[in-house]
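# Coordinate analysis (summary)
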Amino acid sequence: MSDGSQIATLDVEALRKEFPILSRDAYGKRLVYLDSAASAQKPKAVIEAMTHSMAHSYANVHRGLHLLSNETTAAYEEARKTVATFLNAKSPDEIIFTSGGTDAFNLVSYAMGVNEIGEGDEIILSVAEHHSNIVPWHFLRERKGAVLKWLDVSDDGEIDLDAYAALFTSKTKLVALSHMSNVLGAPAPAKELAKIAHDHGAKILFDGCQAGVHGAVDVQNIDCDFYVLTGHKLYGPSGVGVLYGKMDALKALPPFKGGGEMIDMVTQDAVTYNDPPHRFEAGTPPILEAIGLGASLNWMAGKGVDAIAAHEARLNAHVLEELAKLNFVRVFGRAEGKAPIIAFTVEGAHPHDISAILDRTGVAVRAGHHCAQPLMKRLGVPATARASFAAYNTHEDVEALIAGLHKTHQMLG
Ligand SMILES: Cc1ncc(COP(=O)(O)O)c(C=O)c1O
């Protein structure tokens, strides 16, 4: 984040008006949407970019020689450039559109499993990973005999760099870590982690599905080999994600899926493959979704990623301060610089009941294991509730959450 004095202030009331869904109610009450870590709401800029494309300029990309195909191809490739700028990638060719974050992890897992990761090779993960950055690596354990090595995190979700460095051996091929926990909101020291991985000759992939939403990401500065984003958390549509890969790392990967557009030449006896990024975009890609994602990233850039982060930091401080006053609430994760993703439990209440009661007060939060069962085990709980804040949330939303928790405690505590 840049110097606080240079950060523009977000006009949150005006910004909220850009989100049509926020004008609806929930059971006759003001809707307080605190589930953006699962999926964020969409501004008009995204909705209009997608409807404009469908209404005025839609055809399949890359294949046509006619006006509509050329226009749609230009819009799709423009979205790729927007993502490259958002991540500060060296080239748009390092940006692959996938069907989501999960698809991107599976792409790397499958493709590295062909030539780069085999019997006895080691992959380092942390216990704080989302299942989508765990299960594809279990596939390599089950199918190729790879070994998963687990990095512990502190109660706040922080990584101990010495403990991390101690996990490497000459067999370590890959590190796959979240840049920010979807439960504890803790940011990872990505640049330091990448340097240690490279010093040991291993590649490193970051799960940026949460980090990409809450602050600027610079993949060249981090110097990672792979970085994953998902569209629907970035105020964009579902059905699209991003795999950034350093060009050398991408060139080393064989294709994941076979089909149209990813080939150089197909004969009855042989096939040769296109260069990245097209090698990894078999078939008709998520055209409208990529255009929508481009619009959402432009929308974020227009508001200022740092301005959004500064607003969220104020909400984070407010909600943590208010929650600390509730002696019946246990908060998980207070790492320095954390995002406003707040996991908590209420004494005597199951997280599902917390969510159900809050829902009736108009407050939408998530409850469950958050696709992070190893982290739940580490924290010693089966599940938590989770309130997650975004650019459109307000201090009034914090107060609504606190009032709802008092009610929950009265009913269940
Ligand atoms: C940290 C993290 N990684 C990966 C994912 C998976 O993203 P998707 O479901 O969009 O594929 C999520 C979504 O919840 C997430 O929070």
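Everything that follows concerns the structure shown earlier in this document.
All of these numbers come straight from a predicted model, not from anything done at the bench. (Residues numbered from 1 in each chain as written. Predicted model: local features only at pLDDT ≥ 70, side-chain atom pairs only at ≥ 80, totals over all residues. Heavy atoms only, no water.)

## Some details on the packing of helix α2 (residues 44–56) against helix α11 (residues 287–303)
The cut-off we apply is this: Helix axes use the C-alpha atoms of the stretch in contact, all axes being lines fitted to C-alpha atoms, and the angles between their N-to-C directions lie in the range 0 to 180 degrees. Runs of E in the DSSP output that reach at least two residues are strands. Runs of H or I that reach at least four are helices, and both are numbered from the N terminus. Helix crossings are classified by the rotation of the near helix relative to the far one: an anticlockwise turn of less than a right angle makes the crossing left-handed, while a clockwise turn makes it right-handed. Whether two residues touch is decided by their heavy atoms; if any such pair falls within 4.5 Å, the residues are in contact. Following the grouping adopted for this structure description, the nonpolar residues are Ala, Val, Leu, Ile, Met, Phe, Trp, Tyr, Cys and Pro, the charged ones are Asp, Glu, Lys and Arg, and the polar ones are all others, Gly among them.
In the contact formed by α2 and α11, the axes pass within 8 Å of each other and the chain directions differ by 145 degrees. α2 and α11 meet at a crossing whose hand is right-handed. Every residue of α11 that contacts α2 at Ala45, Val46, Ala49, Met50, Ser53 and Met54 is listed here: Leu288, Glu289, Ile291, Gly292, Ala295, Ser296 and Trp299. When its residues are assigned to classes, the contact of α2 with α11 shows nine nonpolar, three polar and one charged.

## A word on the packing of helix α4 (residues 101–115) against helix α5 (residues 135–144)
Helix packing geometry: the angle between the two helix axes and the distance between the axes. This is how it is decided: For classification purposes, angles smaller than 35 degrees are called roughly parallel, those larger than 145 roughly antiparallel, those between 65 and 115 roughly perpendicular, and all remaining angles oblique.
For the pair α4 and α5, the least separation of the axes is 9 Å and the interaxial angle reads 25 degrees. Relative to α5, α4 is oriented roughly parallel. In the packing of α4 onto α5, the handedness of the crossing is right-handed. Contacts between α4 and α5 pair Phe105, Asn106, Val108, Ser109 and Gly113 from the former with Pro136, Trp137, Phe139, Leu140 and Lys144 from the latter. In the contact of α4 with α5, the residues fall into six nonpolar, three polar and one charged.

## Section: the environment of Met376
Following the sequence through the fold, Met376 ends up in helix α14 (residues 373–379). When the C-alpha atoms of Met376 and Val127 are compared, they prove to be 9.0 Å apart, with 249 residues separating the residues in sequence. When neighbours within four sequence positions are excluded, Met376 is seen to be in contact with Val183, Gly368, His369, His370, Val381, Pro382, Ala383 and Thr384.

## Comments concerning the pairing of strand β4 (residues 95–98)
Definition in use: Remark: exposure states derive from per-residue accessible area (1.4 Å probe, protein chains only) relative to the maximum for the residue type, with buried under 20%, exposed over 50%, and partly exposed in between. We treat two strands as partners when DSSP finds at least two bridges between them.
Of the two faces of β4, the one holding Ile95 and Phe97 and the one holding Ile96 and Thr98 are both buried throughout. Pairing of β4 with strand β10 (residues 241–245) involves four bridges; the strand directions are antiparallel. Bridge pairing links Phe97 to Val242 in β10.

## Details of the sheet that holds strand β7 (residues 172–178)
Hydrogen bonds between backbone groups are what pair the strands of a sheet, and the pairing can be parallel or antiparallel. Taken in spatial order, the seven strands of this open sheet run β4-β10-β9-β8-β7-β5-β6, and their pairing is mixed. If you trace the sheet from one side to the other, it starts and ends with β4 and β6 (147–151), each paired once. Strand-to-strand twist in this sheet, taken as the mean axis angle between neighbours without regard to direction, amounts to 20 degrees. Here helix α7 (residues 190–199) sits on the sheet and contacts β7 and β8 (203–207); the angle it forms with β8, its principal contact strand, is near 155 degrees.

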